[in-house]
Each structure stands twice: as structure tokens, then as C-alpha cells.
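# Chains, contacts and geometry: an overview
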Amino acid sequence: MTPSTTLSWQVTLGNVLRRTVVLLFLIALGLYFSSESEQFLTERNLTNIAQQNAHVIIVTIGMTLTMLVGGIDLSVGSVAALGGAVSAGLIVREGLPIEAAVILTLAMGFGIGLTNGALVVFGKLPPFVATLSMMGVARGLTLLYTNGKPISGMGEAYTRWGRDRLSVPVVGDVPLPVIVALAVVLLALLLLTRTRFGLHIYAVGGHQETSRLAGVPVSRVQLLTYGISGMLAALAGMLLAARLYSAQPQMGVGLELDAIASSVLGGVSLFGGVGNVPGAVIGGLLIGVLGNGMNLLRVASYQQQMIQGIVLVVAVTVDMYTKRLERR
Amino acid sequence: MRLCGCVGACTAFFMYKSRMDQTPLLQMQGISKSFPGVQALKDIDLTVYPGEILALVGENGAGKSTLMKILNGVYSADEGAITWQGQPVAIHSPHDAQALGISMIHQELALIPYLDAGKNIYLGREPQGAIPGTVHWRKLYQQAQADLAELDLKLSVRTPVRFFSIAQQQMIEVAKALSIDARLIVMDEPTSSLTDREVDTLFSRMRSLRERGVSIIFISHRLEEVRAICDRVTVLRDGILVGTHPVAEVTTEDIIRMMVGREVGQMYERRDRAATDGVVLEVRNLSRGDRVRDVSFALRRGEILGVAGLVGAGRTELAETIFGAHPATGGEILLEGEPVHIRRPQQAIRSGIGFVPEDRKRQGLFLGMSVAANVVMAILRRLTRPVLIRWPRVEAITRESIERLDIRTPSQAQRVRNLSGGNQQKVVIAKWLTLDPRVLILDEPTRGIDVGAKAEIYRLMHQLAERGVGIIMISSELPEVLGVSDRILVMHEGRLAGEFDARTATQNDLMNAATGTTLNRGMNPA
């Protein structure tokens, strides 16, 4: 046995272990909730969890991409609210057809993301500062555009994307937002594992200077990544508005924290270059299941926040520990 | 190796004569570059012919790296022109350089730690899959495997490179540069952390590249290597071209003289110190997992004890264990005959043990902080009584250190990042001297340091030894170990494999001990 084969074996084991830890956590949590509440493991409840967290998963994917490239996107919650408001406004006030409204809104989200990227790449601002500013600006724009009041009356063609179900063979009825989220997850998975752009995201997040010397178009990679995050945030905002039947100016507050927590739980490094889509999805589901389960057990919302914080600390500590095992 | 290097140099010399008639592959003419406050390069000419290995030498700060960055399109020259195969070219980015057929091995490791070897090698030029924008992973890994095989590397292409040793990473870096179908390869200190075996492999690859007509610019501080492999040598000093000569026509002493601009005495001056009997540090059956196994030795007052061995033999781990950075799993440490319990660096420091680590930038210094802050860092507690930092004392101590070690810095407030490698190392040593240590451990103290500064570091070590400090010096450069130490320990796979008197030992003795009983064991880079 040569040392190199030992090494790759350890790496594989480490990887398996690491992916499994959070998954085991999720399963354990599920088992606990189903033993405490009969409602937890019903088809209806599980569908609910998926439906209510579809937008979180979508935003988490965008967050994961920006974190992989070595940044962060704090503006996603505000951009989601703006996306919901603008799409609703375009339909209700301007009378645009839904397709046009959706495309324009996605383009706007992409543009806001590009702006974030430009502030980071050309303005040399730390991503934290650039996107924190955008968080304020986008929220302000949302309040301005909506006058601080919800916009409703988008019509059935819009709101069905928040609740309607599609009958899928074998699986049963699946809510439309969940299908959208699954599509996003699948595309992100392909992007990161199959494309040159995906590899470049890891490379830039791993070491920017090295990537530049290797001929990776570092600026373009960063710009596009923030653009995608902004676009996904706008998409999530529309799904949220559809589910609520109206675009609320205050929706999506704190969404960025859920997305960061999900990514980190899923093993995405805050320093860039490390992480993957399946992990982030599992992290997002963990957050969703935790919230749902605590609601079923009638845990007060004040305590819920506290418990969420503790779970985050415990899960990440365990994760760090297994990473250290991997290094051994 | 010396003999074969000489033969190589001679034949290379005749080959080079015929090459001179060809059109140069690369001509850099009248290159000047200044940075705010510094004229980094002044009117430099550099010519590379097809199929030659050109050495580019000079002390740190002489402008080698700046010149190569201009060639690679990282910087643009203020003045001067670059001609490639007779055609004037403008190189604005590393991408442009690659497109011309210029590939670089950078001095600082340029690998992305979390990506595997295959991805690192083909980053930025991934083979395209069936759909545009996708990557043909199978092809990528097959090619990468072949690239590693060409260098006799038995490493998994799918293992993240951070799991490999520095030497292995450096070889991956070499594989990366060779895999680009380049006409000219620039190697910036590619051998600084390689073992002799790996250097041999690299050199034989370099020779076969030369035969295929590929040119190489080879930057190294090790002049024996320049003699062994290079055809011509270009010497820079303080941003000025000193000259270009066929290697066969100049001696190593000539090259050193051109580099430093003055006569340098014998590099290694042996000082015959009066042997003292007082043992300052004794280690008995020290172990740390399987990295350090059952090591026992004694260090006398005023002695320089060299520790040789291959990369990965456990030398650094031994030092870290004595210093408490990684606690021992067995055995004991005695200072002046008294058993001491060292589980943390603080305890070692309090016992009077100093440690100058291998990687000074990451482990030895606060690069973003001032010279003064770095110097007093270890005695800060003493300088903050009762609460506030006593700046006048800090200043006085720093001034004294700067004078004593001849640290060349514009001021005490200069950030350490901006000092040359040699002066950075002096700052690390100065920090430990403020503690008046009884034992000082130096791990690769002259790595990446130019000739002049090396001599100063040696002189400093001798001075300390004369004052009774016990010194342990870990080094991979056998001439250095033999030239500086009084006594030499050789490690192999975590154990002591031999002890030698430096006055009588030869490089062969050390090498045999370092490679273990069967010659090939432990030499495999995998």
C-alpha cells in the first residue's frame, strides 16, 4: 500500500463522513419530531415544509455560489422583497403580461447582483460592505415603490406559482415552488460540477491570485456569481409574493441569515472555495425542518430563534471536528 | 552529482556556441521599471536562445522577480521592448504570455489548496466537454495523470493538493508548467523545497526539454544547481544588469562576486569553539505519534547541532515537539538537567527556548505589523507594566536589535512585509534574542535568503554559540549543515538515523543515513 492510496482513501472517507454528519443530524431531528408529534411525518406536513422553504433553498443556492467565490451576499432578503414588489407592480400597475413581468424582474435581480459584483470587483469593496449597502438600498427602493403598502391582485396566473400542485408520476402532487427550487438546485449542481465556470468559482474562492495567474477570468467569474445570486433572490421573492397572494414590502427580512446558516450548515466555507450544492440543500432543509417541528411542538417564537442559534453552533462544531479528523 | 554537473555544463557550452547563431527566442531590451520611490529595474537586456537554459541570479531585491513579472504580463515595463522570435510583442496579461508559449513556475506556491491535482494542473485551460462551457473531466484527469507520471510522481490526481507535502506540491506545480506546451518556461526557485532525488528528476526533465528545443529561464539561489544545469547565467544586482556569461566560463566565486558586488569570504567559516561539557538541553526517548519516534540526544552549551534528513523525516516535528507546539506523546525533556514539562509554546518560551520556524511569513512574523512590534512581541508582557505599553522601552529595544543584527529597514515603523527575506529572518531571530534564550531552534533559517544575508545569519549563529546559547539548526542543504554545525544528527522516518562529527562527515555519509538502510526507502515522493 503506497502512501498516496492511503491518502485518497482517507479523503474519501472524510468526505463521506462530513456529508453524512449533517444528513444524520437532519434524520435525527426528523425522527425526534415524528416521535413527538403525529402530524410531523404526514404527507401534508412534509409538502408544507418543502413549499414553505422553497424560496429559502433558492436563495441559499445563490448564497452558496457567492460564498464559494470568496464573498457573501447580504442583500438577498431585500432584493427578494424588491423582486416581489416590482413583479407585482408591473402586472398590477403597468398591466404587463406575467411572462414579461417575470423576465424583467429576473433581469433586475441580475442587474442588482452585477452591481454588487462591480462594487466588489471594481470598487474593491469588501463583499460584506458592498452587499450590506445594497441590502439597505434595495429595501428602501421596495418601500418607495410600494409606498410601504402591499401590492396585491396579481391574478391567478401569478399566485398559482406559490401554491398550486403539479401531479408528478410516482411522487404524487408536488407544489410548483418546490419544482422551481428543484430546477434551480439541479442547474446549480450541473454548473458547479460540470462546467468550466463552476470550476472557476471554486478556483477564485480558493485563491484569487493563483487563479488570475492561471488565466482564469477572475473579474467575470465574480461579477456573474453575484449576478446569479441577485437573480435567484428576485426569483425567490416572486415565489414568496405568489404564496402570500401579495407583495409585502417587509418580506424577506432576515432571509440572508437563513441562507448563510443553511450554507454554513451544509459545509460551505465562509472563506471561499469549499462547499457544494447537496450540502447547502441539506442545510436549508435542516433549518426548514427545525422551524416546522418547533411550530408543531408549539415552541414559542422567541425560544425558536434561540434554539436555531444553538443548533447552528452545535452542527458547525461537529462539522469542524470531523474536518479535523479528515486532516489526520 | 558535481562531476556530472560539470560534464553537463561543458557539453552545454559547445551546444550553446551553435545556438548563438540562431534567432533568439526572446529578447528583452532596455527594460526599466520603477515603483513609487524605487527604481526596480534599469535598462535590463535579457536574451534567451531556443533550447537553452538561462540562469537568472541575483540577491533578493535585485529585480529578478520584477523582470519575470514583466515578461509574464503582470507588470508593464516603463521603458523597453520585448521581441519574441524576432517579432515585437506586447504582453499585457498572464494570458497573453501563455498564448505566446511562456509558462511560469512561481516561487510562491501557486496551487489552490482545496482543488485536486488534476484541476490545479489544467485550471484556466480545461479540456472542453461535449457541450460548450462544460469540462471533459475524464480527459482532464487522464492528461494530468500522464503529466505527473512524466515526473515520476505517484500521486492521486483526485486528492486535494493541500494533503500533499510542500515538496510534492512543488512538483505538481512543475507538472503544471510542463503540461503547457510552452516554448519558454520560467522557473522561479523551483527547487527550494525539493529533495535531491526530486531535483534530479526535475533536472533530467529540464534536459530533455532542452533537447526538444524548449528554453528555460532558471532562477535559483543554489549556485551549484546553476552550474549543474544552466548554459548561460545572467546576473542582476540592485535592478541593474551586471552581465551575462556562459556558465562554463565563470566560477561560482565569480558569480557570487557579481551578485553581491564585493568579495565574499568563505561562505562557511568553521569556528572552532572550546567544547563545553555543560548540557543545556537533553531529550530522552521523545515521541510524538509516528512522526517523532524515540529520539534521544543532548545539546551542549555553545554548540551548533545540525539536524539533517529528507523532507518529511520528522525534523520540523521534533522541533515543534520540543517547543511545545505539538505536545509529545512520550519521553522527557530536560533543561540544564532539570526535567521540564512542555505542553505549550508559552512554557517553552518561559524555559528559555526560542524557535525560528520554517515558514517565517506564516509562522514567524506578523507581516502587516511594524518591525518594532515584531521584535518585542515575545516580551510584550514585560513592556506593558503596569497596563500600558511603554513605547520608549520598545523603541530602545528595537533600536538595539536593529543595530545588533544589522537589520536593514528604513524605520522601526516599517511593516515587516516590505523587508527583504533576509531582513525578515533577522527580525524573527531578533524577537527571540530579546528573551535571552538558552536554546534556539532554527528551522531552515536560510531558505529563500540571498547569499549575503545567509553569511550574516551564519555569523550571528556563531556569535550566539560563543555566548553559550545552544543552537539546533534544521537544514535541507547538506553543505550548510556540514559547514555551520559542530555535530550533526540525521533523521529518517521519525527516528535518529545517525550522529556525525561535522569536521569529518561527508555529504555521502549524511545522505546514506537520511535515506535509511535501503537506498530507495523514503525517497519516493508519494
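Source: prediction; values computed, not measured.

### Observations concerning the interface of chain A and chain B
Listed per partner, the contact involves 24 residues of chain A and 26 residues of chain B. Among the secondary structure elements, those contributing two or more residues to the side of chain A that touches chain B are α1 (3-36), α8 (196-206) and α9 (208-213) of chain A.

### Let's talk about the nonpolar core
If you look at the biggest cluster of nonpolar residues, it comprises 244 residues, and the most contacted ones within it are A:V59, B:I441 and B:I471. It is helix α10 (residues 218-244) of chain A that provides the largest number of residues to this core, a total of 17 residues.

### Here we look at the sheet that holds strand β12 (residues 292-300) of chain B
Residue and element names in this part refer to chain B. With antiparallel pairing, four strands are arranged side by side in an open sheet as β12-β11-β14-β15. Every other strand in the sheet has two partners, leaving β12 and β15 (338-340) as the edge strands with one partner each. Strand-to-strand, the axes of this sheet are offset by a mean angle of 20°, without reference to chain direction. Pairing of strand β14 (residues 330-335) with β15 involves three bridges; the strand directions are antiparallel. Bridge pairing in β15 places L334 opposite P339.

### Looking at the confidence of the model for chain B
Residue and element names in this part refer to chain B. For chain B, per-residue confidence averages 85 on the pLDDT scale, and residues scoring 70 or more make up 90% of the total. Note that residues 1-6 has pLDDT below 50 and, in this model, three contacts with residues that lie over four places away or in other chains. Within the model, pLDDT remains below 50 along residues 517-526, and this stretch shows 21 contacts once partners closer than five positions in the same chain are excluded. The ipTM for the predicted assembly is 0.80, set against a pTM of 0.74.

### Structural notes on the environment of B:G331
Considering the arrangement of structural elements, one finds B:G331 in strand β14. Apart from residues no more than four positions distant in its own chain, B:G331 is found in contact with B:V283, B:R284, B:N285, B:L286 and B:S287.

### Thoughts on the pairing of strand β8 (residues 215-219) of chain B
Residue and element names in this part refer to chain B. For β8, the buried fraction is high: five of the five residues fall into the buried class. Because side chains alternate across β8, one face comprises the buried residues S215, I217 and I219, and the other comprises I216 and F218, equally buried. Across five bridges, strand β7 (residues 184-188) lies against β8 in parallel orientation. What sits directly across from M187, in β8, is F218.

### Digging into the packing of helix α5 (residues 137-150) of chain B against helix α6 (residues 166-179) of chain B
All names here are of chain B. Running from N to C, α5 and α6 cross one another at 110°; their axes reach a closest spacing of 9 Å. It follows that α5 is roughly perpendicular to α6 by the angle criterion. In this structure, α5 meets α6 at a crossing whose hand is right-handed. Contacts from D147, L148 and E150 in α5 reach A175, L178 and S179 in α6.

Calculation notes
- Residues numbered from 1 in each chain as written.
- Chains lettered and ligands numbered in written order.
- Predicted model: local features only at pLDDT ≥ 70, side-chain atom pairs only at ≥ 80, totals over all residues.
- Contact = placed C-beta atoms within 7 Å.
- Helix = DSSP H or I, 4+ residues; strand = E, 2+ residues; numbered from the N terminus.
- Core = buried A, V, L, I, M, F, W, Y, C linked by C-beta atoms within 7 Å.
- Buried ≥ 20, exposed ≤ 12 C-beta atoms within 10 Å, placed from the backbone.
- Pairing = 2+ DSSP bridges.
- Axes fitted to C-alpha atoms, helices over the stretch in contact; angles between N-to-C directions.
- pLDDT = per-residue confidence, 0-100.
- Parallel < 35°, antiparallel > 145°, perpendicular 65-115°, else oblique.
- Left-handed = near helix turned anticlockwise from the far one by under 90°.

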